[in-house]
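Single-letter residue listing:
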Amino acid sequence: MDRAPVNSVTVRIVGGNDAFAKTAHFVLERLRSVFGDQVCGKYYNASEPSLTEFPPALALIRLGEAPLPLVFVDNDLVVMGGKISVPELRQRLTALGLSQV
């Protein structure tokens, strides 16, 4: 079944230090270079107050069930711990109906 085109998808990455932040910004820029404005991205540091803006991640961290990094596509958790794969995220975004620019 074909999916209807999607206007935009939000990718949120939660990490805990400068290395996570650098990786997250790299990943988000790569996704934007492929999908343009169809991808909105945000990085959250798990120890900063700004995480309260994203309750699903905050809940996982407070429960102690969240090895970092966490990667959400819209509100779906797609990575918990381990490596963030740009090709896998690109495939997921394409499956959601985003087109490459």
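Owing to the predicted nature of the structure, the values given are computational and were not obtained by experimental measurement. (Residues numbered from 1 in each chain as written. Predicted model: local features only at pLDDT ≥ 70, side-chain atom pairs only at ≥ 80, totals over all residues. Heavy atoms only, no water.)

Points about the pairing of strand E2 (residues 39-45)
- As defined by bridge partners, strand E1 (residues 9-15) adjoins E2 across seven bridges and the pair is classed as parallel. Within E2, the position partnered with Ile13 by the bridge is Tyr43.
- In this fold, E1 hands off to helix H1 (residues 18-35), which returns the chain to E2; that crossover is right-handed. (Pairing = 2+ DSSP bridges. Helix = DSSP H or I, 4+ residues; strand = E, 2+ residues; numbered from the N terminus. Right-handed = clockwise from strand over helix to strand, strands pointing away.)

So, the nonpolar core
- Formed by 20 residues in total, the largest nonpolar core has its most connected members in Val11, Ile13, Leu31 and Leu93.
- Residue assignment for this core shows that the elements contributing at least two residues are E1, H1, E2, strand E3 (70-73) and helix H3 (86-95).
- By residue number, the principal contributor to this core is H1, which donates seven residues.
- Not counting residues within four places of it along the chain, the set of residues in contact with Leu31 comprises Val11, Gly36, Val39, Val86, Leu89, Arg90 and Leu93.
- Counting ten residues, the second-largest nonpolar core is a separate cluster that includes Tyr44, Leu51, Phe54 and Ala66. (Core = buried A, V, L, I, M, F, W, Y, C linked by side-chain atoms within 4.5 Å. Buried < 20%, exposed > 50% of the residue type's maximum accessible area, 1.4 Å probe, protein only. Contact = heavy atoms within 4.5 Å.)

As for the environment of Gly16
- With respect to the helices, strands and loops of the structure, Gly16 is situated in the loop between E1 and H1.
- Residue Gly16 is classed as partly exposed on the basis of its relative accessible area of 34%.
- On a C-alpha basis, the gap between Gly16 and Tyr44 in space is 8.2 Å, while along the polypeptide they are 28 residues apart.
- When residues no more than four places from it in sequence are discounted, the contact partners of Gly16 are Tyr43, Asn45, Ala46 and Leu68.

Here's the deal with the pattern of salt bridges
- Inspection of the entire model under this criterion finds two salt bridges.
- Notably, a salt bridge pairs Arg32 with Glu29, separated by 2.6 Å at the nearest N-O pair. A residue pair is termed a helical-turn pair when its members lie 3 or 4 positions apart in one helix, as Arg32 and Glu29 do in helix H1 at three residues.
- Judged by relative accessible area, Arg32 falls into the partly exposed class, the value being 27%.
- Notably, a salt bridge pairs Glu53 with Lys42, separated by 3.8 Å at the nearest N-O pair. Of this pair, Glu53 sits in the loop between E2 and helix H2 (55-62) while Lys42 sits in strand E2, placing them eleven residues apart in sequence.
- Judged by relative accessible area, which is 33%, Lys42 ranks as partly exposed. (Salt bridge = Lys/Arg side-chain N within 4 Å of Asp/Glu carboxyl O.)

What to know about H3
- Among the residues of H3, those classed as buried are Val86, Leu89 and Leu93. Viewed end-on, H3 has its buried residues packed into an arc of 65°, placing them on one side of the element. Across from the buried face of H3, at angles greater than 90 degrees, the exposed residues are Glu88 and Gln91.
- Buried residues in H3 make contact with E1, H1, E2, E3 and strand E4 (76-80).
- Looking one or two residues beyond H3, the residue adopting positive phi is Gly97, at roughly 110°. (Arc of directions from axis to C-beta.)

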